Amino acid sequence: MDPLQAAHSGPRKKRPRQTGTLMVSSPHDVRFGDLVLFILEKKMGTTRRAFLMELARRKGFRVENELSDSVTHIVAENNSGNDVLEWLQVQNIQASSRLELLDVSWLIECMGAGKPVEMTGKHQLLVRRDYPASPKPGPQKTPSLAVQKISEYACQRRTTLNNCNCIFTNAFEILAENCEFRENESSYVTYMRAASVLKSLPFTIISMKDTEGIPCLGEKVKCIIEEIIEDGESSEVNAVLNDERYQSFKLFTSVFGVGLKTSEKWFRMGFRSLNKIKSDKSLKFTRMQKAGFLYYEDLVSCVTRAEAEAVSMLVKEAVWAFLPGAFISMTGGFRRGKEIGHDVDFLITSPEVTEDEKQQLLHKVISLWEKKGLLLYSDLVESTFEKLKLPSRKVDALDHFQKCFLILKLHHQRVDSDKSPQQGGKTWKAIRVDLVVCPYERRAFALLGWTGSRQFERDLRRYATHERKMMLDNHALYDKTKRIFLKAESEEEIFAHLGLDYIEPWERNA
Ligand code: CTP
Ligand code: MN
Ligand code: MN
């Protein structure tokens, strides 16, 4: 057994105290002078602490008996970062930002390596929320350790695709979707905000204590979290999953061109399956829905990154044939680093071309694809953009740029050139593609708006309105106090105008 583990497992068998060999510290050479350790006794116990101190010293580490200003690393066991900070506060010691708070696992790895090992996230004790929660009155020093409160706005949180609270966020997304189907906007927002804040956490919620101080978690939401912690599932989510209306709406809206209104109608008419709907002679379908049914299987199977890259080539070839100087950016989920998506989104812009040339571009691109037999569906929406129009007040407003919603035929060979076309089989996949064209000087706003996620965008606008008295949408940023439009050449500049730290696209998966 590892001696460290043995010491940890405590006095199961009464062993004679090893005072003679371990407790009395003899002078050791310090080999790693930059590090000054202090090992916290709290929850570790005197014996184990003495054992670890002696061991670390023998390995050439400098370990202090008392906490002093020279200490650079505090090592603790079974304590959270907040526990350690609380302890420091009780000692009336100011934690400086250069003080590392580490779990004992770091020290144990150092002992194994015989030298300091790199400190990674798994070693660093997490300090959560607004600490101290309630500063004591009087001339008390507040810890200068940078402890960030979790913001209620997604645009002030970094949300990567590493979601360690899937079990909760999946549940809340199902509940939110059900509210959307029932047009219960306020509950929809409540559940989406809860899912969003949980996605940003660097730790998994394992007890209700972990939810303290996290914004956007109301009573209702906390009850559901508690149930999932205890039972591994939520009865409410299970009820939704078994609900006929939810199941039908989920199925109907999976068809391109079918929204809430159509789903409602079909549900009321008693339809429960797509086959019945497709074969019903009395129903009228829009052009979009006809395409949706025709390419259903391809469209419900997600677009992979390799397919998105192949579409990107297709778009570049076509656009550059007419406007060689055009800038083409892949936006949407793929720009946020997702490996799959329901479509592929592109933003197109170009300096130094006339309005007319730009307006013609999408028309030319579409007719080129049509000639090549690649166009399965297209819906082109002309621009209604006005330069002097104030940004929209609505958080979900659609933008006014010229755009087209397409279904393209992507040949398998364009994705995987090694793949030889199979005899008789279908050699292509139908892919949903969105193209947006914007004026060159608005490209930063359009790029920010089309990168998403939807929740991130909503919170950016909400933040601009409520915290900055500004109005933001996909076209512009307007300062209501100064009554001016704020120009931006890049997304970074927009964040800076809003007084926000820059959040990278892959951190916008809120
Ligand atoms: N968007 C928009 N106006 C629209 C449609 C979309 O501003 N009429 C923005 C949304 O904010 C969204 C982004 O464009 O964040 C991409 O939209 P969408 O393709 O629907 O979502 P993705 O995040 O790309 O998700 P997926 O991977 O499923 O496509
Ligand atoms: Mn998309
Ligand atoms: Mn899209």
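Residue positions are counted from 1 within each chain, in the order its sequence is given. For this description, chains carry letters from A and ligands carry numbers from 1, given in the order in which they are written. In keeping with the predicted nature of the model, local features appear solely for residues at pLDDT of at least 70, side-chain atom pairs appear and are counted solely at 80 or more, and the whole-chain, interface and lining totals rest on all residues. Side-chain metrics in this entry use all non-hydrogen atoms of the structure; hydrogen atoms and water are not considered.

Participant: Whenever I open this one, the overall build of the protein chain confuses me. Can you help?
Facilitator: Each helix and strand in the protein chain was counted, giving 21 helices and 14 strands. If you line up the protein chain on its principal axes, its C-alpha atoms span 90 × 55 × 55 Å. Only protein chains enter the accessibility calculation, which uses a 1.4 Å probe. A residue is then buried if its area is under 20% of the maximum for its type, exposed if over 50%, and partly exposed in between. Expressed as a percentage of its 510 residues, the buried residues of the protein chain come to 47%. Whether two residues are in contact is decided by their heavy atoms: any pair within 4.5 Å suffices. When contacts within the protein chain are restricted to residue pairs at least 6 apart in sequence, those whose partners lie at least 24 apart make up 68%. Throughout, the Shrake-Rupley method with a 1.4 Å probe supplies accessible areas, and for residues the shown protein chains are the sole cover considered. Roughly 27,000 Å² of accessible area belongs to the protein chain as shown, and the carbon and sulfur atoms make up 51% of that amount. Looking at charge distribution, the protein chain has the averaged site of its 75 positive side-chain charges lying 1 Å from that of its 69 negative ones. Secondary structure elements follow DSSP: runs of H or I of four or more residues count as helices, runs of E of two or more count as strands, with numbering from the N terminus. Lys and Arg are tallied as positive, Asp and Glu as negative. Neither His nor the chain termini are counted. Lys charges are placed at NZ, Arg charges at CZ, Asp charges at CG and Glu charges at CD.

Participant: Explanation requested: the UniProt feature "domain: BRCT" (unreviewed entry) in the protein chain in the structure shown.
Facilitator: Here the UniProt feature "domain: BRCT" (unreviewed entry) sits at residues 27-124. Summarising residues 27-124: 34% helix, 20% strand, and an end-to-end C-alpha distance of 29 Å. UniProt positions are given in the numbering used here, feature names are shortened, and annotations may be inferred rather than shown by experiment.

Participant: Quick question: what am I supposed to make of the UniProt feature "binding site: Mg(2+)" (unreviewed entry) in the protein chain here?
Facilitator: In this numbering, the UniProt entry assigns the feature "binding site: Mg(2+)" (unreviewed entry) to Asp-343, Asp-345 and Asp-434. Look at the named residues: they lie 92 residues apart in sequence, but the longest C-alpha span between them is just 7.3 Å, so in the fold they bunch up. As for its position among the elements, Asp-345 is in strand β8 (residues 344-349). Among the residues examined, Asp-345 registers a relative accessible area of 8% and is labelled buried. What Asp-345 contacts, discounting residues up to four positions off in sequence, is Ser-329, Met-330, Thr-331, Gly-332, Gly-333, Asp-434 and Trp-450. Looking at Asp-434, the relative accessible area reads 6%, which means it is buried. Setting aside chain neighbours within four positions, we find Asp-434 in contact with Asp-343, Val-344, Asp-345, Phe-346, Cys-404, Phe-405 and Trp-450.

Participant: Help me understand helix α20 (residues 454-468) in this model?
Facilitator: An α-helix turns once every 3.6 residues. As a result, residues three or four positions apart point the same way. A helix is expected to span 1.5 Å for every residue after the first. Here α20 is 15 residues long and its end C-alpha atoms lie 20 Å apart, about the 21 Å a rise of 1.5 Å per residue gives. Buried within α20 are the following residues: Gln-455, Phe-456, Glu-457, Arg-458, Asp-459, Leu-460, Arg-461, Arg-462, Tyr-463 and Ala-464. The elements touched by buried residues of α20 are α7 (185-199), α19 (443-451), β12 (470-472) and α21 (491-497). At the exit of α20 stands Lys-469, carrying a positive phi of roughly 50°.

Participant: Which parts of the structure should I look at to understand the coordination of the manganese ion (ligand 3)?
Facilitator: Tetrahedral coordination by four donors places them ideally at 109.5 degrees to one another around the metal; octahedral coordination by six donors ideally gives 90 or 180 degrees. The donor set covers N, O and S atoms within 2.8 Å of the metal, switching to 3.2 Å for Na, K and Ca, and it leaves out water, so a site may look short of donors. Surrounding the manganese ion (ligand 3) are the protein donor atoms Asp-343 (OD), Asp-345 (OD) and Asp-434 (OD), which sit 2.0 to 2.3 Å from the metal. We note that the donor set of the manganese ion (ligand 3) lies within a single chain, spaced as D-x1-D-x88-D. Distance-wise, the manganese ion (ligand 2) is placed 3.5 Å from the manganese ion (ligand 3), both being coordinated by Asp-343. Taken together, the positions of Asp-345 in strand β8 and Asp-434 in strand β11 (residues 428-437) put the pair 89 residues apart, joining distant regions of the chain. We note that Asp-345, like Asp-434, is buried.

Participant: Before we go on, may I ask you to explain the environment of Glu-264 in this structure?
Facilitator: For Glu-264, the location among the structural elements is in helix α11 (residues 260-268). Judged by its relative accessible area of 17%, Glu-264 falls in the buried class. Separated by 130 residues in sequence, Glu-264 and Lys-394 have C-alpha atoms that sit 25 Å apart. With near-sequence residues (within four places) excluded, Glu-264 lies in contact with Arg-245 and Phe-249.

Participant: What is the right way to look at the packing of helix α6 (residues 166-181) against α7 in this model?
Facilitator: A pair of packed helices is captured by two measures, namely the crossing angle of their axes and the spacing between those axes. Axis definition: a line fitted to C-alpha atoms, over the contacting stretch in the case of helices. Angles run 0 to 180 degrees between N-to-C directions. Taken N-terminus to C-terminus, the directions of α6 and α7 make an angle of 160°; their axes are 8 Å apart at the nearest point. Considering their axes alone, α6 and α7 lie roughly antiparallel with respect to each other. You can see that α6 and α7 cross each other, and the crossing is left-handed. Mapping the contact onto sequence places Phe-168, Thr-169, Phe-172, Glu-173, Leu-175, Ala-176, Cys-179 and Glu-180 in α6 and Ser-187, Tyr-188, Tyr-191, Met-192, Ala-194, Ala-195, Leu-198 and Lys-199 in α7. Put simply, Ala, Val, Leu, Ile, Met, Phe, Trp, Tyr, Cys and Pro go in the nonpolar bin, Asp, Glu, Lys and Arg in the charged bin, and everything else, Gly too, in the polar bin. The class makeup of the residues in the contact of α6 with α7 is 11 nonpolar, 2 polar and 3 charged. Reported orientations rely on four angle classes, namely roughly parallel under 35 degrees, roughly antiparallel over 145, roughly perpendicular from 65 to 115, and oblique for the rest. Here a crossing is taken to be left-handed if its near helix is turned anticlockwise relative to the far helix by less than a right angle, and right-handed if that turn runs clockwise.

Participant: Help me understand the site of ligand 1, please; the structure alone is not making it clear to me.
Facilitator: Near ligand 1, the surroundings consist of 16 residues, among which Gly-333, Lys-338, His-342, Asp-343 and Arg-454 are the closest. Identification of polar contacts relies on pairs of N or O atoms within 3.5 Å, with a donor-acceptor requirement for protein atoms, meaning one able to donate a hydrogen and the other able to accept it, and with residues adjacent in sequence counted only if both atoms are side-chain atoms. One of the side-chain N or O atoms of Lys-338 is found 2.9 Å from an oxygen atom in ligand 1. Between ligand 1 and Arg-454, the relevant distance is 2.8 Å, taken from an oxygen atom to a side-chain nitrogen or oxygen of the residue. Protein burial of ligand 1: of its 580 Å² of free accessible surface, 84% is covered by the chains. Taken together, the residues of the shell around ligand 1 sort by class into 2 nonpolar, 8 polar and 6 charged. One heavy atom within 4 Å of a molecule or strand makes the whole residue count as near it.

Participant: When you look at the sheet that holds strand β14 (residues 484-485) in this model, what are you seeing that I'm missing?
Facilitator: Two pairing modes exist for strands in a sheet, parallel and antiparallel, and in both the strands are linked by backbone hydrogen bonds. A pair of strands is labelled paired if DSSP reports no fewer than 2 bridges between them. The antiparallel open sheet is built from 3 strands, whose spatial order is β12-β13-β14. Across the chains shown, the open sheet's two edge strands, defined by having one partner strand only, are β12 and β14. Relative to β14, strand β13 (residues 477-479) runs antiparallel, the two being bridged by 2 bridges. The partner of Tyr-478 across the bridge, within β14, is Phe-485.

Participant: Is there a simple way to think about the sheet that holds β8 in this case?
Facilitator: Pairing is mixed across the open sheet formed by 5 strands, whose spatial order is β6-β8-β11-β10-β9. A single partner strand is all that each edge strand has here, and the edge strands are β6 (327-330) and β9 (375-381). If you compare each strand with its neighbour and ignore which way they point, the axes differ by 20° on average. In the sheet, β9 pairs with strand β10 (residues 402-411) via 6 bridges, with the strands oriented antiparallel. In the strand pairing of β10, Val-381 is matched with Lys-403. Together, β9 and β10 form the strand contacts of helix α13 (residues 287-294), whose direction differs from that of β9 by roughly 150°. Packing against the sheet, helix α17 (residues 355-371) makes contact with β8, β9, β10 and β11, and its axis sits at approximately 20° to β10.

Participant: It is not clear to me how the environment of Ala-95 should be interpreted in this structure. Could you clarify?
Facilitator: Topologically, Ala-95 is positioned in the loop between α4 (81-90) and β4 (100-103). Taking C-alpha positions, Ala-95 is 7.4 Å from Leu-85, a pair spaced 10 residues apart along the chain.

Participant: Sorry, what's going on with the state of the cysteines here?
Facilitator: A covalent bond between the sulfur atoms of two cysteines is what we call a disulfide. The disulfide definition used here is simple: a pair of cysteine sulfur atoms within 2.5 Å. Applying the stated criterion across every chain, the model contains 0 disulfides. Just so you know, Cys-179 is unpaired, no disulfide at all, and the nearest cysteine sulfur is the one on Cys-223, 15 Å from it. Cysteine Cys-216 remains unbridged, with the sulfur of Cys-155 as its closest cysteine sulfur at 11 Å. By relative accessible area, which is 23% here, Cys-216 ends up partly exposed.

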